[in-house]
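# Structural features, examined
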Amino acid sequence: NAGVTQTPKFQVLKTGQSMTLQCAQDMNHEYMSWYRQDPGMGLRLIHYSVGAGITDQGEVPNGYNVSRSTTEDFPLRLLSAAPSQTSVYFCASSYLGRGGKETQYFGPGTRLLVL
Amino acid sequence: AQSVTQLDSHVSVSEGTPVLLRCNYSSSYSPSLFWYVQHPNKGLQLLLKYTSAATLVKGINGFEAEFKKSETSFHLTKPSAHMSDAAEYFCVVRANFGNEKLTFGTGTRLTIIP
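Residues numbered from 1 in each chain as written. Chains lettered and ligands numbered in written order. Predicted model: local features only at pLDDT ≥ 70, side-chain atom pairs only at ≥ 80, totals over all residues. Heavy atoms only, no water.

### Thoughts on the state of the cysteines
To keep it simple, the criterion reads: Any two cysteine sulfur atoms within 2.5 Å of one another count as a disulfide. Runs of H or I in DSSP of at least four residues are treated as helices and runs of E of at least two as strands, each being numbered from the N terminus. Exposure classes here rest on a 1.4 Å probe applied to the protein chains alone. A residue is buried below 20% of its type maximum, exposed above 50%, and partly exposed in between.
In this structure the tally under the stated criterion is two disulfides over all chains. Note on cysteine connectivity: Cys23 of chain A is disulfide-linked to Cys91 of chain A, with sulfurs 1.8 Å apart. The disulfide joining Cys23 of chain A to Cys91 of chain A has a torsion of about -70° about its S-S bond and is therefore left-handed. One end of the pair, Cys23 of chain A, is in strand E3 (residues 19–25); the other, Cys91 of chain A, is in strand E9 (residues 87–94), and 68 residues separate them in sequence. For Cys23 of chain A, a relative accessible area of 1% puts it in the buried group. The class for Cys91 of chain A is buried, based on a relative accessible area of 0%. Shown here is the disulfide that connects Cys23 of chain B with Cys91 of chain B, its sulfur atoms set 2.0 Å apart. Because the sign of the S-S torsion sets the handedness, a value of about -70° for the bond joining Cys23 of chain B and Cys91 of chain B places this disulfide among the left-handed ones.

Set out below in structure tokens:
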């Protein structure tokens, strides 16, 4: 298994540009999520999904869109990038159904710089 | 609602001495608790997890943590620090009910002094 994969590893954008961060997992996990990591703030949940066609907002959803058309993929879209979105983005996935006991597996991260 | 407080943003220990990273949590429901480690410019790796079975949990690389409900704590320990333990450590709580979201602490940076 490749686990959780993310592309690209690093991206530079100009303010106002759009882009999609890709996330894929090959473990047939129902639950997928996106986090951003900023210095001194730990990881904060942006959006999550409990299955294909089902998404919901996390703690910091503004400026981001998601969709989940398949079990494997969970892309994160920035429609109009802002410097405040400079961060490291992590995708994670896990099984559901054991009352929160399932381990979430994290991708390697995408480092985004918005100028 | 749930939250996690990591009591130290930075801990320094000498190689070969014990490590203690402190974590307190709050949760409206019986929680699952995790410790993740992040080495520089790397992703997050699970060290160990508590899921309402044994209160003393053993993880990888000699780490362990004890769940103390009365103190709402889940401190991470290791008897003898190694240089390779230098990293950022995150305490995480996940509700055992509902949408099962993770809530992260702000992290503790562990430095090992040779």
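On we go.
### Here we look at the environment of Thr5 of chain B
Residues and elements named next belong to chain B. Rule in force here: We call two residues contacting when some pair of their heavy atoms lies within 4.5 Å.
Here Thr5 lies in strand E1 (residues 2–6). A C-alpha to C-alpha distance of 12 Å links Thr5 and Ser27, two positions 22 residues apart in sequence. With residues up to four places along the chain from it excluded, the contact list for Thr5 reads Arg22, Cys23 and Asn24.

### A word on the environment of Gly53 of chain A
Looking at where Gly53 of chain A falls in the secondary structure, it is placed in the loop between strand E5 (43–51) and strand E6 (54–57). Spatially, the C-alpha atom of Gly53 of chain A lies 8.9 Å from that of Thr71 of chain A, the residues being 18 residues apart in sequence.

### Here's the deal with the sheet that holds strand E8 (residues 76–78) of chain A
Residues and elements named next belong to chain A. Our working definition: At least two DSSP bridges between two strands are needed for those strands to be called paired. Where helices are involved, their axes are fitted lines through C-alpha atoms of the stretch in contact, as for all axes, and angles between N-to-C directions lie from 0 to 180°.
With antiparallel pairing, the four strands of this open sheet are ordered in space as E1-E3-E8-E7. Looking at which strands have only one partner, the edges of the open sheet turn out to be strand E1 (4–7) and strand E7 (64–66). Recorded for the sheet is a direction-independent mean angle of 20° between the axes of neighbouring strands. Here E3 pairs with E8 via three bridges, running antiparallel. Looking at the pairing, Leu21 lines up with Leu76 of E8.

### Describing a nonpolar patch on the surface
What counts is decided by this rule: Patch membership is restricted to residues that have no salt bridge and whose relative accessible area is over 30%. Joining uses 9 Å for like charges and 5 Å for the nonpolar side chains Val, Leu, Ile, Met, Phe, Trp and Tyr. For accessible areas, the Shrake-Rupley method is used with a probe of radius 1.4 Å. Any residue's cover is judged against the shown protein chains and nothing else. Think of a salt bridge as a Lys or Arg side-chain nitrogen and an Asp or Glu carboxyl oxygen that are within 4 Å of each other.
Together, Phe10, Val12, Leu113 and Leu115 of chain A make up an exposed nonpolar region whose accessible area comes to about 350 Å². Relative to the elements of secondary structure, Leu115 of chain A occurs in the segment after strand E11 (110–114).

### Considerations on the interface of chain B and chain A
By a widely used convention, the size of an interface equals the accessible area lost when the partners come together. Rules: Two N or O atoms count as a polar contact when they lie within 3.5 Å, although within protein this holds only if one can serve as hydrogen donor and the other as acceptor, and sequence-adjacent residues are included solely when both atoms are side-chain atoms. By the convention adopted, Pro, Cys, Tyr, Trp, Phe, Met, Ile, Leu, Val and Ala count as nonpolar, Lys, Arg, Asp and Glu as charged, and the other residues, Gly among them, as polar.
With 23 residues of chain B at the contact, the number on the chain A side is 24 residues. Between chain B and chain A we count five residue pairs in polar contact (both at pLDDT 80 or more) in total. When residues of the side of chain B that touches chain A are traced back to their parent elements, those giving at least two are strand E5 (31–38), strand E6 (44–50), strand E10 (87–95) and strand E11 (102–104) of chain B. Top contributing element to the side of chain B that touches chain A by residue count: E5 of chain B, with four residues. The residue makeup of the side of chain B that touches chain A, split by class, is eight nonpolar, 10 polar and five charged.

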